[in-house]
Amino acid sequence: MAELPGQKVGVHWFRHGLRFHDNPALLELLQSCQVFVPIFIFDGFTGFSGAKTVSYNRIRFLLECLLDLNNQLAARGGRLYVCAGDPPKVLHKLKEELGQFKLSFDEDYEPIWHQRDLAVRQWCQNEGIEFIERGSHTLWDPRTVIQTNGGVPPLTYQMFVHTMKVLGPPPRPVSDIDWSCVSFGKLENFGSDNIKLFPGIPAAEELGISQESGLGERVVVWEGGENRALRQLQDRVIVEAEAFKRGLYLPNQAQPDLLAPPTSLSAALSAGCLSVRRFYWEIHDLYKDIHQGLQPASENITGQLIWREYFYTMSVNNPSYGQVTGNPICLGISWGQGGGNEEAVERWRQGQTGYPFIDAAMRQLRQEGWIHHIARNAVACFLTRGDLWVSWEAGLAHFLHQLIDADWSVCAGNWLWVSSSAFEQLLDCSQCVCPVNYGRRLDPHGLYVKRYVPEVQHLPVQYIYEPWKASLEVQEKSNCIIGKDYPERIVNHQQASQKNRQMMIRIRNSLVENRPQHCCPSSVEEVRQFMWLPEKFTDHLCESVHT
């Protein structure tokens with residue numbers, strides 16, 4: 001389809017922003033173009049997170065998001081063109097068919113996308129293609145946060161909150177699209193040896209991803225797409241309204257329920273089928289309405305969104321953020337000593353550690369692609385400093401593969417936090433999740449465990465979290481012989497956690513003893529050099545930048 005006289009063709013490249021509401025790049029494009037061609041490109045990273053391979057649950061959720069977009073376009077006379085290939089090559093093929101066009105896309109801040117986007121910008125410059133790149137995947141532009149903080153990322157969450165208050169509230173969502181002025185273009189001769197154009201929205205199997213065998217039936221089925229996300233947001237607003245009236249903040253954290261239908265919008269935010277700015281302002285405006293104009297602190301009622309912003313900011317200029325080596329904010333802990341081998345990691349992945357609460361969470365992750373944040377904390381602590389002493393990198397890789405809501409920045413940030421490798425949690429020697437007492441406190445009757453670990457469902461309740469303590473007679477009566485029907489404990493938690501705690505203390509003491517004599521930086525560069533220091537030292541580093 002060649003460009004029609006007097007009609008400018010606009011191509012929007014959907015990536016993370018899989019929605020039509022609050023899509024500033026798309027809105028700007030359609031205000032200046034008369035013919036619209038929407039595309040999505042499977043580019044080797046599945047256009048989704050930092051994982052080169054993803055689970056069936058992840059790709060299924062993404063495909064549902066694309067199907068929702070396509071259905072909305074079809075209702076207006078268009079379609080979403082889904083193809084596979086290298087983005088500059090796909091765009092070059094588009095130019096051959098469309099002629100000159102204007103391109104728009106949502107900006108990806110994470111460094112894992114920089115090389116791809118640099119290649120696209122360079123191609124546009126070489127080909128004379130005008131493009132629009134606008135950020136809407138975070139509340140604030142992470143680079144603006146860093147600039148406001150004196151040119152360096154805020155080293156602690158409290159410093160981030162301080163910087164956020166200096167910046168002021170995030171922008172409100174942009175207006176909706178006026179579809180009455182939009183005509184849709186068609187791709188008729190698209191495709192080549194290096195580019196595949198799918199006739200519609202492909203199935204996961206067409207992308208070479210099949211459902212894992214041997215898993216239990218999914219109890220919670222997540223559905224992707226903008227329409228579903230907006231309905232979920234309205235349901236969430238009702239929950240938050242009742243909580244605000246009762247004086248509660250963040251009810252999902254204050255009263256966690258592992259068995260209730262989840263109200264989390266994390267997957268929708270990760271895929272961008274829900275605008276984070278829409279979510280933020282819906283909650284803040286709701287609070288003001290209920291409390292007669294009172295303006296709350298953002299970290300009180302949207303704290304999880306603020307943490308998301310913090311982790312994005314910490315990662316934006318750090319391409320090694322998702323690993324230990326070369327990561328300036330990560331302590332180089334010698335993981336792998338004390339049981340951290342591949343067999344242990346695999347038992348953790350498969351939910352075969354012998355600790356029913358840990359195994360329930362890990363099995364739910366594989367079956368459904370999502371687990372509650374309190375369960376994530378437990379399994380992450382168990383893998384790293386709590387029990388197995390395995391590097392958080394192994395956990396991050398598994399989460400990026402399995403979680404339908406995995407943002408590279410947020411996922412890596414949480415693993416750095418829980419493993420005490422960075423941020424305020426540096427070498428936390430006092431707090432450790434007990435895989436027995438933690439689960440028992442959250443779910444005294446073991447209903448969550450019974451749902452995902454059926455081997456232990458007939459044990460008396462006092463043994464649900466410690467099946468190895470049941471006598472052989474009780475095990476036989478409950479059809480749960482330890483070592484046969486359900487695995488032996490991979491480690492003794494009490495012994496392993498105490499050993500790991502002592503290792504953390506030794507590492508911390510070594511850092512304190514060997515710290516530089518002069519820790520007060522006089523320049524931004526010196527702050528970067530000291531980013532590895534524990535919080536007791538980084539506190540006054542931050543202060544020196546702002547005074």
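Everything quoted here is computed from the prediction, not taken from an experiment.

A. Region of the structure containing helix α21 (residues 493-513). Over its 21 residues, α21 runs 30 Å from end to end, which matches the ideal 30 Å to within 8%, given 1.5 Å per residue. Those residues of α21 that are buried lie in contact with α15 (373-386).

B. Representation of the pairing of strand β4 (residues 102-106) in the model. With respect to burial, β4 is a largely interior element, five of its five residues being buried. Side chains K102, S104 and D106 project from β4 onto one buried face, and the interleaved L103 and F105 project onto a second face that is buried too. Summarising the sheet, strand β1 (residues 9-14) and β4 pair through four bridges and their orientation is parallel. Looking at β4, one finds that G10 is bridged to K102. Summarising the sheet, β4 and strand β5 (residues 131-134) pair through four bridges and their orientation is parallel. In the sheet register, S104 faces β5, and the bridge partner there is I132. Viewed along the sheet, the connection from β4 through helix α4 (residues 114-127) into β5 turns out right-handed.

C. Focus on the side chain of R15. Residue position: R15 is located in the loop between β1 and α1 (24-32). Among the polar contacts made by the side chain of R15, one reaches the main-chain carbonyl oxygen of D106 at a distance of 3.0 Å. One polar contact links R15 to D108, side chain to side chain, over a distance of 3.4 Å.

D. Quick peek at the pattern of salt bridges. Considering all chains together, one arrives at 27 salt bridges under this definition. Close ionic contact of R349 with E346 constitutes a salt bridge, the shortest N to O distance being 2.7 Å. Placement of the pair is R349 and E346 together in helix α13 (residues 342-350), with a separation of three residues, close to one helical turn. Residue classification places R349 among the partly exposed residues on the basis of a relative accessible area of 21%. Taking the shortest distance from any N to any O, the salt bridge between R363 and E455 comes out at 2.9 Å. Here E455 lies in the loop between α19 (447-452) and α20 (472-477) and R363 lies in helix α14 (residues 356-368), a separation of 92 residues in the sequence. Grouping residues by exposure puts R363 and E455 together as buried. Each of R15, D43, D108, R116 and D117 takes part in salt bridges that share partners, so that together they form one network.

E. Up close: the packing of aromatic side chains. Across all of its chains, the model carries 31 aromatic pairs by this definition. Note on Y157 and Y310: the rings are 5.9 Å apart at their centroids and 75 degrees apart in plane angle, and the pair reads as edge-to-face. Of this pair, Y157 sits in helix α6 (residues 157-167) while Y310 is found in helix α12 (residues 303-315), placing the two residues 153 residues apart along the sequence. Both residues of the pair, Y157 and Y310, belong to the buried class. On the basis of an interplanar angle of 75 degrees and a centroid distance of 6.1 Å, the ring pair of W348 and W415 is categorised as edge-to-face. Here the residue W348 occupies a position in helix α13, and W415 occupies one in helix α17 (residues 408-418), the gap between them amounting to 67 residues. Accessibility expressed as a relative area gives 2% for W415, which makes it buried. Linked through ring pairs, Y157, F160, W307, Y310, F311, W417 and F423 together constitute an aromatic cluster. Between the NZ or CZ atom of R15 and the centre of the ring of W13, over which it lies, the distance is 4.5 Å.

F. The arrangement of α1 in detail. Every buried residue belonging to α1 is among P24, A25, L26, L27, L29 and L30, and all of these are buried. For α1, the elements touching its buried residues are β1, β2 (35-42), β4, β5 and α10 (276-290).

G. Expanded view of the pairing of β2. Summarising burial for β2: eight of the eight residues are buried, a large majority. Burial along β2 is two-sided: V35, V37, I39 and I41 facing one way and F36, P38, F40 and F42 facing the other are all buried. Taken together, the six bridges between β1 and β2 define a ladder with parallel strand orientation. What sits directly across from V11, in β2, is V37. Tracing the backbone out of β1, into α1 and back to the parallel element β2 gives a crossover that is right-handed. Two strands pair when backbone bridges link them, and β2 and strand β6 (residues 183-184) are joined in this way by two bridges, in the parallel orientation. Counted as the bridge partner of F36 is F184 from β6. Relative to strand β3 (residues 81-84), β2 runs parallel, the two sharing four bridges. Within β3, the position partnered with F42 by the bridge is A84.

Rules and cut-offs
- Residues numbered from 1 in each chain as written.
- Predicted model: local features only at pLDDT ≥ 70, side-chain atom pairs only at ≥ 80, totals over all residues.
- Heavy atoms only, no water.
- Helix = DSSP H or I, 4+ residues; strand = E, 2+ residues; numbered from the N terminus.
- Expected span 1.5 Å × (residues − 1).
- Contact = heavy atoms within 4.5 Å.
- Buried < 20%, exposed > 50% of the residue type's maximum accessible area, 1.4 Å probe, protein only.
- Pairing = 2+ DSSP bridges.
- Right-handed = clockwise from strand over helix to strand, strands pointing away.
- Polar contact = N/O pair within 3.5 Å; in protein donor to acceptor, adjacent residues only side chain to side chain.
- Salt bridge = Lys/Arg side-chain N within 4 Å of Asp/Glu carboxyl O.
- Phe/Tyr/Trp six-rings, centres within 6.5 Å; stacked < 30°, edge-to-face > 60°.
- Lys NZ or Arg CZ within 6 Å of the ring centre and 35° of its normal.

Any functional reading would require information that these geometric values do not contain.
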